[in-house]
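Summary of structural features
Here's the letter readout for the chains.
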Amino acid sequence: MERQICSGIKLAKIKDLFPSSSLFRSRGVVVKMPGIVIVGTQWGDEGKGKIVDYLAKEADCVVRYNGGSNAGHTVVVGGKTFKFHIIPSGVLQGKRVYIGNGVVVDPEVLLSEIENLRKEGFKPDLYISDRAHVVFAFHKILDGLEERFKGSLSAGTTLRGIGPAYSDKVARFGIRVADLLDESELRRKMDVLVALKQKVISQVYNGKETLEKEEIVKKYAEFGRKITNYVCDVSFAINEALDKGETVIFEGAQGTLLDIDHGIYPFGTSSNPTAGGACTGVGVGPTKISKVVGVAKAYTSRVGAGPVPTELMDKVGERIRIKGGEYGTTTGRPRRCGWFDAVPVRYSIRVNGISELILTKLDVLSGINPLKICTHYMVKNKVVNDIPADLKTYEECKPVYEELEGWTDSLDWHQIAMGGYEALLPQAKTYIERIEELTGVPIKIISVGPEREDTIIKD
Ligand code: GDP
Ligand code: IMO
Ligand code: MG
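Rules and cut-offs
Note on numbering: residues in each chain are counted from 1, in written sequence order. Naming scheme: in the order in which they are written, chains are lettered from A and ligands are numbered from 1. It should be noted that, the model being predicted, local features are given only for residues of pLDDT at least 70 and side-chain atom pairs only at 80 or more, the latter also being counted only at that level, while totals for whole chains, interfaces and linings use all residues. Side-chain descriptors were evaluated using all non-hydrogen atoms of the structure, hydrogens and water having been removed beforehand. Strands here are runs of E lasting at least two residues and helices are runs of H or I lasting at least four, both read from the DSSP assignment and numbered beginning at the N terminus. Radius of gyration: C-alpha atoms only; globule rule: 2.2 Å multiplied by the number of residues to the exponent 0.38. The buried label goes to any residue with under 20% of its type's maximum accessible area, the exposed label to any with over 50%, and the partly exposed label to all in between, with areas taken from a 1.4 Å probe on protein chains only. The contact rule is simple, with two residues in contact once any of their heavy atoms fall within 4.5 Å. Here, nonpolar core means buried Ala, Val, Leu, Ile, Met, Phe, Trp, Tyr and Cys residues that are tied together by side-chain atoms lying within 4.5 Å of each other. It suffices for a single heavy atom of a residue to lie within 4 Å of a molecule or strand for the residue to be listed as near it. In the analysis that follows, any N or O atom pair within 3.5 Å is treated as a polar contact, provided that within protein one partner can donate a hydrogen and the other can accept it, and provided that, for residues neighboring in sequence, both atoms belong to side chains. Accessibility throughout is a Shrake-Rupley quantity obtained with a 1.4 Å probe, and a residue counts as covered only by protein chains that appear here. A cavity, in this analysis, means grid points on a 1 Å lattice covering only the protein atoms where a 1.4 Å probe fits yet has no way out; a pocket is instead an open set bounded by protein on both sides within 12 Å along at least five of seven lines, and a residue lines either one if it has an atom within 4 Å of a point. Grid points define the cavity or pocket, and a molecule sits in it when more than half of its atoms lie within 2 Å of them.

What follows covers the overall build of the protein chain. Scanning the protein chain from N- to C-terminus turns up 14 helices and 24 strands. The C-alpha atoms of the protein chain give a radius of gyration of 22 Å, which matches the 23 Å a tight globule of 459 residues would have. Taken along its principal axes, the extent of the C-alpha atoms in the protein chain is 65 × 60 × 45 Å. Within the span of the protein chain, comprising 459 residues, buried residues form 58% of the whole. Sequence-distant contacts, at least 24 apart, represent 75% of the contacts inside the protein chain between residues at least 6 apart.

Ranked by internal contacts, the top residues of the largest apolar core, which has 58 residues, are Ile238, Phe250, Leu362 and Tyr431. Once residues within four sequence positions are removed from consideration, Leu362 is found in contact with Ala298, Trp407, Trp413, Leu424, Ala428, Tyr431, Ile432, Ile446, Ser447 and Val448. Judged by nonpolar contacts, the second largest core, of 56 residues, contains Ala56, Val105, Met190 and Leu211.

The environment of ligand 1 is made up of 19 residues, and the closest members are Lys48, Thr74, Thr329, Asp363 and Ser447. In the environment of ligand 1, an oxygen atom lies 2.8 Å from a nitrogen or oxygen atom belonging to the backbone of Gly72. Within the backbone of Val448, one N or O atom sits 3.4 Å away from an oxygen atom of ligand 1. Relative to its unbound accessible surface of 590 Å², ligand 1 loses 92% to contact with the protein. Taken atom by atom, the bulk of ligand 1 overlaps the second largest pocket. Mapped by element, the contributors of at least two residues to the shell around ligand 1 are α1 (48-56) and β7 (73-77).

Nothing here speaks to function; it is geometry throughout.
Right under this line is the structure:
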């Protein structure tokens with residue numbers, strides 16, 4: 001069925017992206033099971049926010065499963081820009097939005113995002129997992145202290161307290177959203193946590209900050225009272241939605257190369273942006289996931305430290321950064337930019353089980369000629385087709401490029417998007433099709449601008 005997506009612009013068969021293969025029979029009843037994971041295939045900032053908002057039009061709800069307010073997901077609608085750090089990107093489509101247990105929640109950021117949406121006339125239909133862990137102000141202090149201590153091994157974090165909050169979760173010192181709703185329980189847990197954090201700040205890092213336990217308890221209990229109506233068992237709600245045949249989008253934050261297990265360790269984040277994280281981070285079984293869709297930028301960008309083999313330190317890199325607006329959504333830092341690298345995207349396809357790709361920001365490459373794509377790496381005369389586990393080898397990887405013809409800068413991408421795939425210049429089609437060949441996965445959607453309308457569905 002063809003759909004009218006935005007103000008009279010016929011975009012295409014978005015419904016086709018939700019698989020009919022997910023229909024199956026169970027005890028004689030037809031059960032629909034469209035759980036779709038949207039995952040970043042590079043170093044984050046692939047344009048997941050725009051894509052989730054676009055796809056959410058046809059979904060029933062969106063759930064975030066990892067990360068916290070380190071994420072910055074941008075959605076542009078009618079010339080207005082929204083930046084989401086914690087609220088899922090489906091919210092502007094008026095869909096139910098959930099924050100899963102795998103997310104670490106900074107209540108201050110959450111409440112300000114709710115408030116900002118209200119000011120813009122949106123009333124989010126929001127649900128927060130009672131099992132999600134809480135990010136406290138002292139986690140942010142510790143983030144800075146740990147980064148300084150790590151020196152050359154620091155990842156250049158967003159300083160949003162992400163690593164320290166996940167560390168407490170795993171060490172079983174953490175405090176969960178459910179605890180914020182019970183002041184005496186919060187105080188009991190804070191007795192231990194604040195005492196520990198004060199010791200670490202003062203005695204390990206020589207930090208000057210003093211933590212006042214009672215002040216923290218009061219402040220976060222107040223946050224608890226403010227969010228209490230949103231809190232629920234998200235695993236229960238999402239399983240129920242899936243069992244009813246609703247379409248659920250699992251919105252990944254960060255990207256595969258930042259994954260705590262599969263990323264470029266230690267230059268990544270502390271959660272699992274990869275597809276498996278959607279199961280543990282929401283509380284659904286792998287059998288509930290119908291497909292995993294990877295979002296890839298038409299070039300590479302990275303904010304923070306660590307090796308990026310195709311990084312461009314020249315005018316081309318600068319041009320991409322300026323044209324692509326490549327400045328961190330959360331921190332404003334300039335992003336490091338480079339050529340498209342097929343190696344991490346192929347690796348992402350494997351570790352996530354991606355069956356199709358969405359290519360974003362193709363428009364940004366206009367006017368660059370020739371274009372280059374990294375097909376594989378060389379390390380000391382040896383061909384490397386995969387991401388090595390050890391940092392030193394990855395630092396030594398030299399990209400091997402092939403050149404493709406670029407296309408002119410003077411294009412009206414909005415017009416092209418309206419014309420669909422056929423309206424793309426042959427050079428742009430060759431670029432897309434070469435990425436399909438190198439990754440072995442079809443590209444189903446091409447994004448050519450930040451707005452919803454600037455989107456092409458490829459048959
Ligand atoms: P995310 O973290 O993956 O959601 O990505 P970010 O929002 O951090 O960064 C993507 C940036 O690119 C945002 O400013 C988007 O508005 C913008 N964007 C997304 N898709 C496109 C596109 O196809 N073309 C252009 N020019 N900008 C895009
Ligand atoms: P979205 O969801 C890009 C990077 C940081 C740093 C490392 C660890 O917008 O794609 P952290 O604060 O998580 O401890 O930082 O990971 N990083 C991101 N880079 N996009 C993101 O999120 C990121 N979230 C974290 O720059 O190098
Ligand atoms: Mg981002």
